[in-house]
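Reading the structure
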Amino acid sequence: MGGALKTAQSVDHLPVIGLDETVHDLSAHEDPTDEPLPNLELPNSPDPLKVQCVDDIISVRAAVLYETCLRQLLTIMKLPEDRCTGVLRTGLVCDSVAPFHINITSKGTAMSAEWICSNGHSLWKWNSQPVMKFGMQAGDFLLSTNILLSGNNYGKVSLLFKFMNMGMVNQNTFFTIQNTYCVDAVKEYWEERNSESICRLQGKDVVVLGDGRNDSPGHCAQYCSYTTMELDTKEIIHVATIDKRQTSWNSNIMEKEAFIQTVDKLSRELKLVEICTDAHIQIVNPDKGRYKDLGIHHSLDMWHGAKNLAKKISAAAKVKGQSILLHWLKDIVNHFWWCCKTADTKEHFLALWIGICHHVCNIHTWEMGSCQHGDLGEGLGKQWIERDSKSHKALVDIVFNKRWLKDVHKYLRFRIRALTNLMFMWREALRIAVTAVKGAEHEGDQEGDQGGQAELLVAGAGAGAGAGEEAGEGAGEEAGEGAEDNQDLD
Ligand SMILES: [Zn+2]
Ligand SMILES: [Zn+2]
């Protein structure tokens, strides 16, 4: 039901919505599922609308319905019959006359109205949503599938509905729909698409970008999914999910396990020439470790490198008397990006990289080289750092840090991992789920015209994909922030 809440919600009694990014919700309650609507047979009144094909639910516009507005409409509406034709216990025709009592009720995401005569006969029932073959309401069904397919979760959406005072799909109905129509359809579609991607990449030199993500931050995570994307097509070509139980309850090594599983599988199927990861301790070094014989180049994610450098500089700037470093932070990080982009070899990188130690002191030409920027002009307005001052020494320590320089060549291919394309999968998955429903609704009596319907399905999927893009951006964040500083990959 729509409309203002009669009383303010008590925050204490609201369900807790976690920070997790859970998409596939798991059932926690024993609520019964929604009962299907009974079929009504009323004289001269239209039957409830039935969902006959995919278009009946995908291409139909929907809106939020307010009870007050519905009542206004129903009050001025006349039924086709102005006398009740029901039969009384005495055997006589009821013959009660309009106006009849209108009872408005809410079920799931729908509202329904029932006209009742003074003798209690039900004259007609109307529902705000079409119903499917087995009595399920179209809105309940679409909301349930689209929660999953747009990357949301039931808890969050149901809280939103609670705040709006709108009827929501029962939790168990949601789980039933998710498990019956979505999970297998998404899985099958993923497997089909994945094997096509792998086939297309066979025989080529493949560069992949990988990133692990835990289901919750820190060390209490239960699952880690390691997602691998191919550089040119931006297609996700592998997802490895590791359960804490597979790593003897040690969540710290889950990402490493997932990485091993990924490289083991992909290196059997494809010619991997380069893997880009974050500089995470849990990732084994493909140059020296388990995969050295495969000759896979290991590169590091630029975002991670830049973030790491910025963290070090801001930490040094917090030391008393070194706050000037904060003014130079952006320039130093930009210089790092530029060096990585410009240099082809480690030597070239170093020659460019050390320039920052001179430049910040207003020295633009030195024994071994010079800055490559043009005239800075007088208006730069930046305070130069005094050579050999405490701040300068701190910067030199960072710039020439041995552990940093040891791995710096891994940034030189300038790889930036972006997993937003995952959202493409969601959009496609919606298409598949709807097709699966169609299969369920029309068992055995499927008709032709697949092409036309496919078009509509994609159009319907557009809204879901837009809503999910933010969730996809979030996927680039790492869960294990605590261990990120460590650059030691051995
Ligand atoms: Zn009656
Ligand atoms: Zn300079």
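For the structure itself, look to the data block above.
The notes below deal with the structure included here. (Residues numbered from 1 in each chain as written. Chains lettered and ligands numbered in written order. Predicted model: local features only at pLDDT ≥ 70, side-chain atom pairs only at ≥ 80, totals over all residues. Heavy atoms only, no water.)

1. Notes on the coordination of the zinc ion (ligand 2)
The condition that has to hold: For Na, K and Ca the donor cutoff is 3.2 Å, while for all other metals N, O and S atoms must lie within 2.8 Å; water is not among the atoms, so some sites may look incomplete. Under the DSSP-based scheme used, a helix requires at least four consecutive residues in state H or I and a strand at least two consecutive residues in state E, with every element numbered from the N terminus.
Taken together, the protein ligands of the zinc ion (ligand 2) are H359 (ND1), H364 (ND1), C371 (SG) and H373 (NE2), with distances of 1.9 to 2.2 Å. All donors to the zinc ion (ligand 2) come from one chain, and their sequence spacing reads H-x4-H-x6-C-x1-H. Placement of the pair is H359 in helix α10 (residues 355-359) and H373 in the loop between β10 (369-370) and α11 (390-399), with a sequence separation of 14 residues.

2. Some points on the environment of Q52
Residue position: Q52 is located in the segment before α1 (55-58). In this structure the C-alpha to C-alpha distance between Q52 and P130, which are 78 residues apart in sequence, comes to 9.6 Å.

3. A closer look at the coordination of the zinc ion (ligand 1)
When four donors bind a metal tetrahedrally, each ideal donor-metal-donor angle is 109.5 degrees, and when six bind octahedrally, the ideal angles are 90 or 180 degrees. Definition in use: Angular criteria define each label, namely tetrahedral for four donors with all angles between 85 and 135 degrees, square planar for four and octahedral for six donors with opposite donors over 155 degrees apart and remaining angles between 65 and 115, and irregular for whatever fails these tests. A 1.4 Å probe rolled over the protein chains alone gives each residue an accessible area, and that area as a share of the maximum for its type sets the label: buried under 20%, exposed over 50%, partly exposed in between.
Taken together, C84 (SG), C94 (SG), C117 (SG) and H121 (ND1) make up the full set of protein donors to the zinc ion (ligand 1), lying 2.2 to 2.3 Å away. Taken together, the four donor atoms surrounding the zinc ion (ligand 1) define angles of 103 to 120 degrees at the centre, an arrangement classified as tetrahedral. Along the chain, the residues donating to the zinc ion (ligand 1) are arranged with the sequence spacing C-x9-C-x22-C-x3-H. When its relative accessible area of 4% is taken as the criterion, C117 is described as buried.

4. Structural notes on the nonpolar core
Here is the rule we go by: Here, the term nonpolar core denotes a set of buried Ala, Val, Leu, Ile, Met, Phe, Trp, Tyr and Cys residues that are joined through side-chain atoms within 4.5 Å. Contacts were defined at the residue level, with two residues in contact if any of their heavy atoms lie within 4.5 Å.
Membership of the largest hydrophobic core comes to 35 residues, with the highest contact counts inside it found for L309, F336, F349 and W353. Breaking this core down by element, the ones donating at least two residues are α7 (302-317), α8 (324-342), α9 (346-353), α10, α11 and α12 (402-407). By residue number, the principal contributor to this core is α8, which donates nine residues. Dropping the residues within four chain positions of it, F336 is found in contact with M302, G305, A306, L309, F349, W353, W404, V408 and Y411. A240, I242, M254 and A258 belong to the second-largest nonpolar core, a separate cluster that totals 21 residues.

5. Focus: the sheet that holds strand β7 (residues 271-277)
Convention followed: Paired strands, as defined in this entry, are two strands with at least two bridges between them according to DSSP. For helices, the fitted line uses only the C-alpha atoms of the stretch in contact; every axis is such a line through C-alpha atoms, and the angle between N-to-C directions lies from 0 to 180 degrees.
Read from one edge to the other, the open sheet built from five strands follows the order β6-β5-β4-β7-β8, with strand pairing classed as mixed. Of all strands in the sheet, those bounded by a partner on one side alone are β6 (236-243) and β8 (297-300). Between one strand and the next, the sheet's axes are offset by a mean angle of 25 degrees, whatever the strand orientation. Relative to strand β5 (residues 223-230), strand β4 (residues 205-214) runs antiparallel, the two sharing seven bridges. Within the sheet, the bridge partner assigned to L209 lies in β5 and is M229. Strand contacts of helix α6 (residues 254-269): β4, β5, β6 and β7, with the helix running at about 140 degrees to β6, the strand carrying the most contacts.

6. A short note on the pairing of β5
For a regular strand, side-chain orientation follows a simple rule: the groups alternate between the two sheet faces. Most of β5 is tucked away, with six of its eight residues classed as buried. Where β5 lies against β6, seven bridges are found, and the strand directions are antiparallel. Considered in β6, the bridge of M229 is made with I236. Here β5 hands over to β6 after five residues, with K234 in that stretch at a positive phi of 60 degrees.

7. Brief notes about the side chain of S150
As a reminder of what qualifies: Pairing of N or O atoms within 3.5 Å defines a polar contact, subject to two protein rules: one partner must be a possible hydrogen donor and the other a possible acceptor, and residues neighboring in sequence count only if both atoms are side-chain atoms.
By secondary structure assignment, the location of S150 is in the loop between α3 (138-149) and α4 (154-164). Taking relative accessible area as the criterion, S150 reaches 10% and is therefore assigned buried. Here the side chain of S150 touches N152 through a polar contact of 2.9 Å, side chain to side chain.

8. Let's talk about the pattern of salt bridges
Definition in use: By definition here, a salt bridge exists when the distance from a side-chain nitrogen of Lys or Arg to a carboxyl oxygen of Asp or Glu is within 4 Å.
Counting across every chain of the model gives eight salt bridges. With a shortest N-O distance of 3.8 Å, E191 and K187 are connected by a salt bridge. Pair noted here: E191 and K187 are both in helix α5 (residues 171-201), with a separation of four residues, about one helical turn. Residue E191 is classed as partly exposed on the basis of its relative accessible area, which comes to 43%. In this structure, D205 and K271 form a salt bridge, with 2.7 Å as the shortest nitrogen-oxygen distance.

9. What about the sheet that holds strand β1 (residues 101-107)?
On the basis of which strands lie adjacent, the open sheet formed by three strands has the order β1-β2-β3 and antiparallel pairing. Edge positions in the open sheet fall to β1 and β3 (122-127), since each of these has one partner strand only. Strand after strand, the sheet turns through a mean of 20 degrees between neighbouring axes, direction not considered. Two strands pair when backbone bridges link them, and β1 and strand β2 (residues 110-116) are joined in this way by seven bridges, in the antiparallel orientation.

10. Side note on the packing of aromatic side chains
To be explicit about the condition: Pairs were defined over the aromatic rings of Phe, Tyr and Trp, the Trp ring being its six-membered one, requiring ring centres within 6.5 Å. Orientation was assigned from the angle between planes: stacked under 30 degrees, edge-to-face over 60, tilted for the rest. The criterion for a charge sitting over a ring is simple: Lys NZ or Arg CZ within 6 Å of the ring centre, and within 35 degrees of the ring normal.
Under the defined criterion, the tally for this structure stands at ten aromatic pairs. A ring pair is formed by Y226 and F259, whose centres lie 5.7 Å apart and whose planes are at 80 degrees; its orientation type is edge-to-face. Of this pair, Y226 sits in strand β5 while F259 sits in helix α6, and the two are 33 residues apart along the sequence. Each of the two residues, Y226 as well as F259, counts as buried. With a centroid separation of 5.8 Å and an interplanar angle of 70 degrees, the aromatic rings of F336 and W353 are classed as edge-to-face. Taken together, the positions of F336 in helix α8 and W353 in helix α9 put the pair 17 residues apart, joining distant regions of the chain. Under the relative-accessibility criterion, W353 is labelled buried at 1%. One aromatic cluster is present, built from ring pairs that chain together Y154, F174 and F175. Over the ring of W328 we find K382; its NZ or CZ atom is 5.3 Å from the centre of that ring.

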